[in-house]
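# Structural characterization, general
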Amino acid sequence: MSKARTFRGGTHPPGHKNLSSGKPIKRFPAPEIVVVPLCQHLGAPSRPVVSRGDEVRKGQEIGEQNGFISLPTHAPVNGTVKAVEDYPMPHRRTGPAVIIETVSEEGGRVFEPWEDYSSHSPEELVERIRLAGVCGMGGAGFPAYVKLSPPPDKKMDTLIINGVECEPYLTADHRLMLENPDDIILGMKIMAHVLGVSEYMAGIEENKPDAIETMRSRGCKVVPLKVRYPQGAEKQLIDAAVGRKVPPGGLPMDVGVVVHNVGTAAAVAAAVRDGMPSLRRIVTVTGRGVVSPGNYDVCVGTPFSALVEAAGGYGEDVRRLISGGPMMGVSLFTDKVPVTKSTSGVLALTSGEVRSSEEGPCIRCGKCVDACPLKLTPNMIAMTAAAGRWEMAKEFGALNCMACGTCGYVCPAGRYLVHYIKKAQNAIRAGMGKEA
Ligand code: SF4
Ligand code: SF4
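These numbers were taken from a predicted model, which means no experiment stands behind them. (Residues numbered from 1 in each chain as written. Chains lettered and ligands numbered in written order. Predicted model: local features only at pLDDT ≥ 70, side-chain atom pairs only at ≥ 80, totals over all residues.)

## So, the overall build of the protein
Using the following cut-off: Only DSSP runs of H or I covering at least 4 residues are called helices, and only runs of E covering at least 2 are called strands; the numbering of each starts at the N terminus. The globule rule is 2.2 Å times the number of residues to the power 0.38, and the radius of gyration it is compared with is taken over C-alpha atoms. Counting other C-beta atoms within 10 Å of its own, a residue is labelled buried from 20 upward, exposed at 12 or fewer, and partly exposed in the gap between, with every C-beta atom placed from the backbone. Contact definition: two residues whose C-beta atoms, as placed from backbone geometry, lie within 7 Å.
Helix and strand content of the protein: 13 helices and 17 strands. The C-alpha radius of gyration computed for the protein amounts to 21 Å, which stays within 12% of the reference 22 Å derived for 436 residues, consistent with globular compactness. Projected onto its principal axes, the C-alpha positions of the protein cover 60 × 45 × 45 Å. Taking all 436 residues of the protein together, 52% fall into the buried category. Looking at the protein alone, contacts between residues at least 24 apart form 71% of all its contacts between residues at least 6 apart.

In C-alpha cells form, the structure reads like this:
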C-alpha cells in the first residue's frame, strides 16, 4: 500500500500531462518586441523609471518597487524602450508595461555573484532576493522576500518546496525538477538558511516518480504525495506534508511553515549564486489546440502568440485559451498578452476538452461540500451570492474561499459556483457586505 500522504477533500481531474511531460525544456530566444509588465507580482505594480527612447541593458531596473507588497521590475533584454503604456495582461484586463525593442540577450548579471551563500547574513540574502525581483512562480506571484521575512513573534521551523503541480496539463515544474534539480536544492538551502530552519523538504505527487527519484538522488528530502487536486495550494500541501492545519483566515507562518514553489527556489539560486535578477521562467504550452505541446524557457514579456507559434501553432477547433491551468487559470480574450514571472502555462483547449454543459438548479447532493478542501459550503455561498445576500455569503465563509474550482468541477448540476463566490468576494471587499 502507498505511504504517500494527502489532505481531506479535493478531487482528481484527468491529468492530460502526457501531452508535454516527456518534452525537454527548450530555450526560446527573446522576440523582437518584449512587453514587460510592471505588475508581474501580487501587490502594487512597480513604478516605471524609464521612458520612450531610453536604451536599457539586460537586468537593468526599469520599474522601482512601489510599497512593501511590491517588487522591482528588470529589463529581460538589451534594447530600446518603445513605449510605457497600458497593455492587455493575462490576469487582469490591462496593466502598465514597458515595451522594449530587443537588440540582444547578452549579459544580465547585475549583482555580485555569491559563491558561498552561508557567508552572508539572512538580511543580506533577503535584500538580494528582493532586489532581484523574485516572486512566487507557482501562480500567485507573492513577493518571495516578504515570505522570507516573517515577523519576529512567528517562529518558523519548516520549509516546504512545492513540486506538486496538481493543475492538469501543466508540466513546467516537473521538467524543472528533472532538468535543474541542483538549482532548486540550492535555492531551498538558501531559504532554509534565511529562515533558520533545519527541516526542509520537497512535496511531490506520486505521478512524477522520476522527479521524486531525481530530487532524492541529489540528497533532497522528498515527501511523496497522493495525486489530488488542489494539493499544490499552500494550506493543503502543509496538511499533506507535515500534518499541520492552517486556521481559516490564517497563514502558513501561523503554523511555523513557509512554502515556496520549485521555480521560485531556482530563481533564488540564480539571484544569489549568479547575481541574476528574475528575467526568465519555464512555461508549458499545451492542450489539444496546439500542434506540438512542449515546455519552454522564455523571458518575461514574450507574447503568448509567439509561444503558441513555437509549439507549431493552433490546431483546429480551439475553443478556449487559458493562462495557467484549467482549474484556476484565467480565460483570455487575446493571445497578445505577455508571459509574466507567474505564468505557468498557456493552454489552447478544443471543444472536446472544455465543459460546455448548461447550468442547472442545485439538486442538494452535497458533493461540493464533501470536496471543498477548506470545509466550506460552496452551495450556500453561491446561493446567497446569487440572491445578492452578501452578508450571508460572508457568514458562510466566502472570503476564505481560494477559488480552487474543485466545487464547480464536481457539481453534477454544472453550477457556476466559483463565479458566484468570486462575485460575493468582490462585493464584500467593495463594502457591499451590509444588506438593505
Ligand atoms: S468553495 Fe472555494 S475553496 Fe471550496 S472548493 Fe469551492 S472554490 Fe475551492
Ligand atoms: S454539488 Fe452542485 S448540485 Fe450538489 S449541492 Fe453542490 S451546488 Fe448543489
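## So, the pairing of strand β2 (residues 33-37)
For the record, the criterion: Only when DSSP finds a minimum of two bridges between them are two strands counted as paired.
Across the five residues that make up β2, a large majority, four, are buried. Note: β2 against strand β8 (residues 94-104), five bridges, orientation antiparallel. Opposite V36, over in β8, you have V98 as the bridge partner.

## Looking at the domain arrangement of the protein
To be explicit about the condition: For the domains described, the bounds stem from an automatic or database domain assignment.
Here the protein is described as being made up of domain 1 (30-108 + 279-353), domain 2 (112-273) and domain 3 (367-429). Computed from C-alpha atoms alone, the centre-to-centre distance between domain 1 and domain 3 is 31 Å.

## Looking at the site of ligand 2
Condition: Proximity of a residue to a molecule or strand is defined by its backbone-placed C-beta atom lying within 6 Å of that partner. All residues other than Ala, Val, Leu, Ile, Met, Phe, Trp, Tyr, Cys, Pro, Asp, Glu, Lys and Arg, Gly among them, are scored as polar; the first ten of these are nonpolar and the last four charged.
C362, C365, C368, N379 and C411 are the nearest of the 13 residues found near ligand 2. The residue inventory of the shell around ligand 2, partitioned by class, reads eight nonpolar, two polar and three charged.

## Remarks on the site of ligand 1
Taken together, 14 residues are adjacent to ligand 1, and C372, P378, C401, C404 and C407 come closest. Among the elements of the structure, α12 (406-410) and α13 (417-429) are those that each provide at least two residues to the shell around ligand 1. Class assignment for the residues of the shell around ligand 1 results in 12 nonpolar, two polar and no charged.

## Section: the environment of I33
The residue I33 is located in strand β2 in this model. For I33, a count of 17 C-beta atoms within 10 Å puts it in the partly exposed group. With 39 residues separating them along the chain, I33 and P72 place their C-alpha atoms 21 Å apart. Not counting residues up to four positions away in its chain, the partners in contact with I33 are I99, E101 and T102.

## Brief notes about the sheet that holds strand β5 (residues 61-64)
One open sheet accounts for three strands, arranged β3-β5-β6; its pairing is antiparallel. Edge positions in the sheet fall to β3 (47-48) and β6 (73-74), since each of these pairs with one other strand and no more. In terms of strand pairing, β3 meets β5 through two bridges, oriented antiparallel. Residue pairing for β5: R47 is matched across the bridge by E64.

## Quick notes on helix α5 (residues 209-217)
Counted only if it meets this: It is the directions from the helix axis to the C-beta atoms that the arc portrays.
Looking at α5, one finds that the buried residues are A211, I212 and M215. Angular distribution of buried residues about the axis of α5 spans 100°; they occupy a single face of the element. Away from the buried face of α5 by more than 90 degrees, exposed residues P209, D210 and S217 are located. Packed against the buried residues of α5 are α3 (172-179), α4 (181-195), β10 (199-205) and β11 (222-225). G219 sits one or two positions beyond α5 and adopts a positive phi of about 90°.

## Some words on the nonpolar core
Inclusion rule: Under the definition applied here, buried Ala, Val, Leu, Ile, Met, Phe, Trp, Tyr and Cys residues are grouped into a nonpolar core through C-beta atoms within 7 Å.
Counting residues in each nonpolar core, the largest one holds 107 residues, and the members touching the most others are I129, V268 and L307. Take this core: its biggest share by element is nine residues, from helix α7 (residues 262-273). Excluding residues that lie within four positions of it along the chain, L307 makes contacts with F28, V283, V285, Y296, V298, T302 and V346.

## Description of the sheet that holds β2
Two pairing modes exist for strands in a sheet, parallel and antiparallel, and in both the strands are linked by backbone hydrogen bonds. Here four strands make up an open sheet; going across it, the order is β2-β8-β7-β4 and the pairing antiparallel. Edge positions in the sheet fall to β2 and β4 (55-56), since each has one partner strand and no second. As defined by bridge partners, β4 adjoins strand β7 (residues 78-88) across two bridges and the pair is classed as antiparallel. Counted as the bridge partner of V56 is G79 from β7.

## Notes on the packing of α4 against α7
The criterion, for reference: To get an axis, a line is fitted to the C-alpha atoms, and for a helix only the part in contact is used. The angle between two axes follows their N-to-C directions and goes from 0 to 180 degrees. For this classification, under 35 degrees means roughly parallel, over 145 means roughly antiparallel, 65 to 115 means roughly perpendicular, and everything else is oblique.
At their nearest, the axes of α4 and α7 sit 7 Å apart, and the two run at 80° to each other. On the basis of the axis angle, α4 is roughly perpendicular to α7. In this structure, α4 contributes D183, I184, L186, G187, M188, I190 and M191 to the contact, and α7 contributes V262, A265, A266, V268, A269, A270, V272 and R273. Along the lines of polarity and charge, the residues of the contact of α4 with α7 split into 12 nonpolar, one polar and two charged.

## Observations regarding α3
Burial analysis of α3 places six of its eight residues in the buried class, the great majority of the element. Of all the positions in α3, only A172, D173, H174, R175, L176 and M177 are classed as buried. Tucked into the core, α3 has its buried residues touching α4, α5, α7, β13 (280-286), β14 (294-299) and β17 (345-350).

## Concerning the pairing of β7
Pairing between β7 and β8: 10 bridges, direction antiparallel. Directly across from E85, in β8, lies its bridge partner A97. Between the end of β7 and the start of β8, which pair antiparallel, lie five residues.

## A closer look at the environment of L38
Residue placement: L38 occurs in the loop between β2 and β3. Assessed through the 25 C-beta atoms surrounding it within 10 Å, L38 is described here as buried. On a C-alpha basis, the gap between L38 and P48 in space is 7.5 Å, while along the polypeptide they are 10 residues apart. With residues near it in sequence (within four places) discarded, L38 still touches P45, S46, P48, G63, T73, P96, A97 and V98.

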